[in-house]
Structures are given as structure tokens and as C-alpha cells.
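These are the residues of each chain, in order.
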Amino acid sequence: MEHQNLLGGPAPTELPDIDEARQSLEAGVDPFEVAARFPAYPAAWAELADRAFGKGDVIESYAYARTGYHRGLDSLRRAGWKGQGPIPWEHAANRGFLRALHALGRAAAAIGEEDEAERCRTFLRDSSPTAVAVLAT
């Protein structure tokens, strides 16, 4: 059953899952290996960004997050996204992109790129309020 968007905005965009990449991360495969094997999978880049940030390697975190963000944008566009509209956290395959977007904003703020950090916060808030709530913890 197809649902009609009664709010008049763009329909939510749902990224396709990359089963083997997701299963590899879930099984504990090193995200370096997953990113090398599946470079279009933003969740691997988001995981690398989170790990680097947790170790205090902010520049590495920024680079990983930016890669995941851009690879995610490529995937969103291929999925029909036109630069606006919801990217729901509730759709599990979207979470890697949303995590990379959050990580990019966090790293940008840490290096003093406040304009970029604010753009990331706004983009995340506009894409998925649920992601904001989940990632704020």
C-alpha cells in the first residue's frame, strides 16, 4: 500500500541496504576493512569517524566523516533525493549517512569550522529529528 504525503513536501528517502557491508560491521569486522571493500557504505565511514573522535584524532574523524557524508549524498541522489526532504532514522540503511553527517558537524565544531558545524546541525535536524535525539546521547 502506497502512502500519500499529506504535508506537500518531498517523500522520505530510503537508502538501499548493502547487506554484506552491514552484516560485516555487525559481525565485528574492522570498519577499515569494510570501508575498503564497500567504499560507498557510509556506516563504515561513520564508525571510523566515531572511533577517531573518541581517541582525540579530530582531523582523522573529520576526514572519515566527510567521506561518509559525500558517499551518502551520492547514494541519496541515486535513490531519488533532490536535496531536501526527510531521511528517516527509522529506516536502518539511512543511519550510516545520518551518523556521518552528525560526525562531520561534531568534528567541524572541534576544529573551529562553526559555519560548517551549523550547516550540519541544520541538515541533520531537517532530515531526521529522531537522529538528532538518538545521536545527542
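Anything mentioned here points back to the structure above.
Calculation rules
- Residues numbered from 1 in each chain as written.
- Predicted model: local features only at pLDDT ≥ 70, side-chain atom pairs only at ≥ 80, totals over all residues.
- Heavy atoms only, no water.
- Helix = DSSP H or I, 4+ residues; strand = E, 2+ residues; numbered from the N terminus.
- Contact = heavy atoms within 4.5 Å.
- Salt bridge = Lys/Arg side-chain N within 4 Å of Asp/Glu carboxyl O.
- Buried < 20%, exposed > 50% of the residue type's maximum accessible area, 1.4 Å probe, protein only.
- Expected span 1.5 Å × (residues − 1).

> Please explain the environment of Arg51 as it appears in this structure.
Turning to its location among the elements, Arg51 is positioned in helix α3 (residues 42–54). The residues touching Arg51, leaving out its near neighbours within four places in the chain, are Asp30 and Pro31.

> Can you walk me through the pattern of salt bridges in this structure?
Following the criterion strictly, the structure yields 11 salt bridges and no others. For Glu116, the salt bridge goes to Arg66, with nearest N and O atoms at 1.9 Å. Here Glu116, found in helix α6 (residues 114–127), pairs with Arg66, found in helix α4 (residues 58–78); they are 50 residues apart in sequence, far enough to count as distant. Exposure remark for Glu116: the relative accessible area of 7% places this residue in the buried category. Residue class for Arg66 comes out partly exposed when judged on its relative accessible area of 26%.

> Looking at this structure, how should I read helix α5 (residues 95–110)?
In an α-helix, one turn spans 3.6 residues; hence positions three or four apart end up facing the same way. In this model α5 runs 22 Å from its N-terminal to its C-terminal C-alpha over 16 residues, within 8% of the 22 Å that 1.5 Å per residue would give. Those residues of α5 lying buried are Gly96, Phe97, Leu98, Arg99, Ala100, Leu101, Ala103, Leu104, Gly105, Ala107 and Ala108. Close packing links the buried residues of α5 with α3, α4, α6 and α7 (129–135). Positive backbone phi, approximately 85°, marks Gly112, located one or two places after α5.

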